[in-house]
Amino acid sequence: SPSDASLRAQREQGCPFSSAVNAKGCPASEMAAQFDPFEGPYLVDPAEALRWSRDQLPVFYSPKLGYWVVSRYDDIKAVFRDPILFSPKNVLEKITPPTKEAVEVLRGYDYAMDRTMVNEDEPAHMARRRALIDHFLPERLERQQEMVRQLTRERIDAFIDSGRVELIDAMLYEVPLLVALHFLGVPEDEIATLRTFSLAHSVNTWGKPTPEQQVQVAHDVGRFWQYAGEVIEKMRAETAGDGWMHYTIRKNAEMPEIVTDSYVHSMMMAIIVAAHETTSLASANMFKTLLSHRSAWEDICADPSLIPNAVEECLRYAGSIVAWRRQTTGPATVGGVDLPEGAKLLIVQASGNQDERHFENADRFDIYRDNAVDHLTFGYGAHQCMGKNIGRMEMRIFLEEMTRRLPHLRLAEQEFSYMPSTSFRGPDRLWVEWDPALNPERDDHALAEKVRHFPVGAPAAKEIARSVRVSALRQEAEGVIGVTLEDARGRPLPDWSAGAHIELCLGDVERKYSLCGRPGNGRYEIAILREDAGRGGSRHFHEHLREGGELRLRGPSNFFRLDEAAPHHVLIAGGIGITPIIAMADRLKAIGADYEVHYCGRSRRAMALRERLQADHGSSGCVHLHIGNETGRADFAQIVAELPEDGRIYACGPDRMISDLEAQTADLPDGSFHFEHFTAQNVALDPDKEWAFEVELVDSGLNLSVAADETLLDALRNAGVDVPSDCCEGLCGSCEVTVLQGGVDHRDKVLTRSERTENRRMMSCCSRAKNGQRIKLA
Ligand code: FMN
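Per chain, residue numbering runs from 1 following the sequence as it is written. With pLDDT at 70 or above as the cut-off, local features in this predicted model cover only qualifying residues; side-chain atom pairs require 80 or more to be listed or tallied, and sums for whole chains, interfaces and linings still use all residues. With hydrogens and water excluded, all non-hydrogen atoms of the structure serve as input to the side-chain values.

Tell me about the packing of aromatic side chains, and name the residues and values.
Ring pairs shown here join Phe, Tyr and Trp side chains whose ring centres sit within 6.5 Å, with only the six-membered ring taken for Trp; geometry is labelled stacked below 30 degrees between planes, edge-to-face above 60, and tilted in between. If you walk through the whole model with that rule in mind, you get 18 aromatic pairs. Aromatic pair Trp206 and Phe424: ring centres 4.5 Å apart, planes at 35 degrees, arrangement tilted. Taken together, the positions of Trp206 in helix α13 (residues 191-206) and Phe424 in the loop between β9 (410-411) and β10 (431-433) put the pair 218 residues apart, joining distant regions of the chain. On the basis of relative accessible area, Phe424 is assigned to the buried category, the value being 6%. An aromatic cluster is built from Phe35, Tyr42, Trp52 and Phe60, whose rings are joined through pairwise contacts. Definition used: whenever NZ (Lys) or CZ (Arg) falls within 6 Å of the ring centre and also within 35 degrees of the ring normal, the charge is taken to sit over that ring. The ring of Tyr173 carries the charged tip of Arg195 above its face, separated from the ring centre by 4.0 Å. A helix here means a DSSP run of H or I that spans at least four residues, while a strand means a run of E at least two residues long, and both kinds are numbered starting from the N terminus. Buried, partly exposed and exposed residues are distinguished by accessible area as a fraction of the type maximum, computed with a 1.4 Å probe on protein chains only: under 20%, between the cut-offs, and over 50%, respectively.

Structure, rendered in structure tokens:
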């Protein structure tokens, strides 16, 4: 085969990888030799086409392409993280070398595409990005929502009674183009030509045109270049014009050494493509994915608050940017493979997005996935897509309007085709159909107006909730109810691991409860203690939960995981803290591990799950009850003293119990003591007592000020940085950021004492810089 021949030829010429062969072995293989991003499996499904690479050879050299291909999540992120060693200078290079004729044609148009935002090196890039980022901040983008909604509605109105439409032509191409032009302030008079132009730019940069096509494409690209120049001249005359390109042109006059003439011309051409092609393709992928995962589509129709996370999961599972490029500026190591200076890299985000090492059940499309937002489709770090929040906004509005007005939409029978490209991916056509007689707005005339608004930015974890039904309710102990929950539509609830909790939402009340049943049966069991002196949540559930009643549930999430490999486990529960502890005991018993349980309570009657604990775990003699009004309090000093080497202690209960244990375990090796608090201290900020502080974000090259009345998490979000967050009380650990330098005033309940001393991690929802110091984060 040709690939055998090319390998043989390389062997005869001597191995081109000798400098890259190290302890990890040779980065070439038959599979690597066959890799071709312009045909076959990669076109159909790039993540699937690189499964072998993720498993066997995560960094390999592709002789057909002349690039090193990187397929794992962490390696891709590491490359994005360092724009100095991994320069973006080759991002807009023609991946298929141009023919002489094509070069001649382009010269005839004075084509001089050079540095834009995506392919500019530091320090020029960050200086420019900082000067031009204002228009992309969430508060500015909120003002664009109405325009996007209006354009979307007009398109839907035009086809809603037809019963069948090709969605890309009818809406998904033109709306993102109009939104982009509006955002940029570019005149909308050449829409049809722009479609040809941007296709040509795409094929020219990331595609594989034949020599004949190259000439035609070169003419289109050349005309596009000249058109961009004319538009700039027109816009220069309108000195007060609105939109980002007007702003850029004004900055060009103000600071010509930072926002240069060449940049403005190159950017004008590149941005028109970047701003709309990406969103059009991602939206087409989104409808195709959701309509072929019907239950997800139906869940969204029933509950539109799922839309922001569903969009994120679509971007993960079937994003429009599947790979990007970098070039090394010195010898580098990626995933253990040594690369020479000048090595060209194809980093395949679509593959990283389905890497099991980062996403659980990565192959499964799951709109309830709580880390979908970690996808790499927008890139990461200093060059992360500036327009990500505009794309998200459009996709959410498309989905919101379509699920509300056409819930009975379905994919028509069709064969899908894709344009050959290393980097851009979406179907050429997307036919959908429906029965117009069943359009809900024919009966409900107000339906078209029932709009749901989503705030700009990454979805909050809070929005990811499913509907469940209370299938059983019982008195578990004095003041404690036991609740069994099932999926409202009868499907099994997802599996969970010992230590996990869910969040129950009823009306405005939302509280977390640990799962304490047996995993794997598709139902959840929780136990709720009524705390009359609390904030009212537990009382609300005690008073309002009814068998058969429906409510919403988030999770499961697990921030209290077992290290199953330890030789011995001591599980300690205080009061209602038994809930995660009993699940851990069940798990350790199931895997035949060595463990003991200490359950401390005020009185026998108040100790929930006591009988089950004794029945399931008592026979092996590993259950110790410490009952205040019978046997007295547990002797923690002794329990800790008897812990065998490498043993682990897991504790859940009142704050006092956990602080006692923290003190007793202070001399144990790191990682011996694990705990979970059920309640946070008051995390409300008192601006009179707080310090404002400065933060440097090294990966994204940003500097932020955090005001005295603001959390670090809020400051990050306002600057458009995506940080997941859940409890916002310092309990769950989801908003963790990596500290590189500076003193931190840790206020969370997640980190252990030694983790605080180490000062590598901080919870952005509550912790702050010490005394107004400056801190550096990754
Ligand atoms: N409270 C319980 O009664 N049972 C539980 O299993 C339980 N698990 C929790 C798990 C986590 C991770 C957290 C953070 C809290 C948990 N809580 C549990 C505490 C409840 O979330 C809530 O704070 C409690 O019901 C008191 O609410 P209230 O003050 O509004 O009445």
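How would you summarise the sheet that holds strand β8 (residues 344-347) if you had to cite specific residues and measurements?
With mixed pairing, the five strands of this open sheet are ordered in space as β1-β2-β8-β5-β3. Here the strands that pair on one side only, and so sit at the sheet edges, are β1 (59-62) and β3 (86-87). In this structure, β3 lies alongside strand β5 (residues 324-328), joined through two bridges in antiparallel fashion. What sits directly across from Ser87, in β5, is Gln327. Across the sheet, helix α6 (residues 73-81) touches β1, β2 (67-70), β3, β5 and β8, and the angle it forms with β8 is around 125 degrees. Should DSSP find at least two bridges between two strands, the strands are taken to pair. Any two residues whose heavy atoms approach within 4.5 Å at even a single point are treated as in contact. Note on method: axes are straight lines fitted to C-alpha atoms, helices fitted across the in-contact stretch only, with angles between N-to-C directions ranging 0 to 180 degrees.

Would you mind going over the domain arrangement of the chain in detail, with residue names and values included?
For the chain, the assigned domains read domain 1 (2-87), domain 2 (100-449), domain 3 (461-557), domain 4 (569-650) and domain 5 (693-777). Delimitation of the domains relies on an automatic or database domain assignment. Just the C-alpha atoms count here: the centres of domain 3 and domain 5 sit 31 Å apart. Here domain 3 packs against domain 5, burying approximately 390 Å² in sum over the two surfaces, 39% of which is carbon and sulfur. For domain 3, the biggest contributors to the area lost against domain 5 are Ala461, Lys462 and Lys512; these three give 70% of the whole. Each reported salt bridge corresponds to a side-chain nitrogen of Lys or Arg within 4 Å of a carboxyl oxygen of Asp or Glu. At the surface where domain 3 touches domain 5, the tally comes to one salt bridge. For this analysis, a polar contact is any N or O atom pair within 3.5 Å, provided that within protein one partner can donate a hydrogen and the other can accept it, and provided that sequence-adjacent residues contribute only side-chain to side-chain pairs. Linking domain 3 with domain 5 are one residue pair in polar contact (both at pLDDT 80 or more). Note: buried area is the sum, over both parts, of the accessible area (probe 1.4 Å) each one loses when the two are combined.

Got a sec to walk through helix α15 (residues 244-254)? Specific residues and values, please.
Extensive coverage of α15 is indicated by the burial of eight of its 11 residues. Of all the residues in α15, the buried ones are Trp244, Met245, His246, Tyr247, Thr248, Ile249, Lys251 and Asn252. Here the buried face of α15 lies against α8 (124-132), α12 (174-184), α14 (211-237) and α16 (261-291).

Tell me about the layout of surface pockets, and name the residues and values.
In this structure, the second largest pocket encloses a volume near 880 Å³. Using protein atoms alone on a 1 Å grid, points that fit a 1.4 Å probe yet trap it form a cavity, whereas open point sets bounded by protein on both sides within 12 Å along at least five of seven lines form a pocket; residues with an atom within 4 Å of a point count as lining. Around the second largest pocket sit 36 residues that line it, and Arg511, Lys512, Arg535, Phe678 and Thr679 are the ones nearest its centre. For the lining of the second largest pocket, the secondary-structure elements that each account for two or more residues are β13 (501-506), β14 (509-514), β15 (524-529) and α21 (537-544). Here the lining of the second largest pocket is composed, by residue class, of 12 nonpolar, 14 polar and 10 charged. Grid points are joined across faces, edges and corners, and a volume is the space filled by probe spheres set on the points. Classification convention: Asp, Glu, Lys, Arg as charged; Ala, Val, Leu, Ile, Met, Phe, Trp, Tyr, Cys, Pro as nonpolar; all other residues, Gly among them, as polar.

Give me the lowdown on helix α17 (residues 294-302), citing residues and values where you can.
Among the residues of α17, those classed as buried are Ala296, Trp297, Asp299 and Ile300. The buried side chains of α17 occupy one side of the element, clustering within an arc of 160 degrees when seen end-on. Residues of α17 that are buried make contact with α16, α18 (307-317) and α20 (388-405). The arc in question is formed by the directions pointing from the helix axis toward the C-beta atoms.

Help me get a handle on empty space enclosed by the protein, residues and values and all.
A full pass over the atoms with the stated rule returns four cavities of 30 Å³ or more. A volume near 800 Å³ is recorded for the largest cavity. What lines the largest cavity is a set of 45 residues, and nearest its centre among them are Val118, Ala274, Thr278, Cys385 and Met386. Those elements that place two or more of their residues in the lining of the largest cavity are α8, α12, α13, α16, β5 and α20. Tallied by class, the residues present in the lining of the largest cavity amount to 27 nonpolar, 13 polar and five charged.

I'd like a rundown of unusual backbone geometry, residues and numbers included.
Peptide bonds are, in most cases, trans, and in most cases residues other than glycine have a negative phi. Residues Glu122 and Pro123 are joined by a peptide bond in cis, for which omega reads 0 degrees. Structurally, the position occupied by Pro123 is in the loop between α7 (100-108) and α8. A cis amide bond links Gly555 to the next residue, Pro556, at an omega of 5 degrees. With respect to the secondary-structure elements, Pro556 resides in strand β16 (residues 550-557). Non-glycine residue Leu609 carries a positive phi angle of around 65 degrees. With respect to the helices and strands, the residue Leu609 is situated in the loop between β18 (595-601) and α23 (610-617).

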